[in-house]
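Next come the chains, spelled out residue by residue.
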Amino acid sequence: MTEDPLASAIETVSVRVLGKVQGVGFRLATVRQARLLGVRGWVQNASDGSVEALLQGTANQIDRMLAWLREGPPAAEVREVLSEVRYEDRRYANFAQH
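Residues numbered from 1 in each chain as written. Predicted model: local features only at pLDDT ≥ 70, side-chain atom pairs only at ≥ 80, totals over all residues. Heavy atoms only, no water.

Q: Which parts of the structure should I look at to understand the pairing of strand β1 (residues 11–20)?
A: As defined by bridge partners, β1 adjoins strand β3 (residues 51–57) across 7 bridges and the pair is classed as antiparallel. Directly across from V15, in β3, lies its bridge partner A53. (Pairing = 2+ DSSP bridges. Helix = DSSP H or I, 4+ residues; strand = E, 2+ residues; numbered from the N terminus.)

Q: Help me understand the pattern of salt bridges in this model?
A: A side chain of one charge can pair with a side chain of the opposite charge if their charged atoms are brought near each other. Tallying each qualifying case throughout the model produces 2 salt bridges. Salt-bridge contacts for R16 lead to D48; the nearest nitrogen and oxygen are separated by 3.2 Å. Separated by 32 residues along the polypeptide, R16 in strand β1 and D48 in the loop between β2 (40–45) and β3 bring together distant segments of the chain. One salt bridge connects R16 with E52, and the closest N-O pair in it is separated by 2.6 Å. Of the two residues, R16 sits in strand β1 while E52 sits in strand β3, which places them 36 residues apart along the sequence. Among the charged side chains, a salt-bridge network with shared partners connects R16, D48 and E52. (Salt bridge = Lys/Arg side-chain N within 4 Å of Asp/Glu carboxyl O.)

So, in structure tokens, the structure goes:
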């Protein structure tokens, strides 16, 4: 049996999370969730009060991470999640908080 090449294809998605997402443990919880799902990339606070992230993983991993980001940790109040597929050659080894 051969493996489906699309099942293991790595996607890169840029994300911005809007709402009450700073000062509520959002980045740390995002790191934990990403590592749990095997997603690689980074998360950081943006100067406008949102949280930015770059996600790399399979389509399933990305879908599951985006679903989690729409809820966030308990203290967060996510208003909107904007995501955009990116084409990037760089591959991240893990998921980090900046």
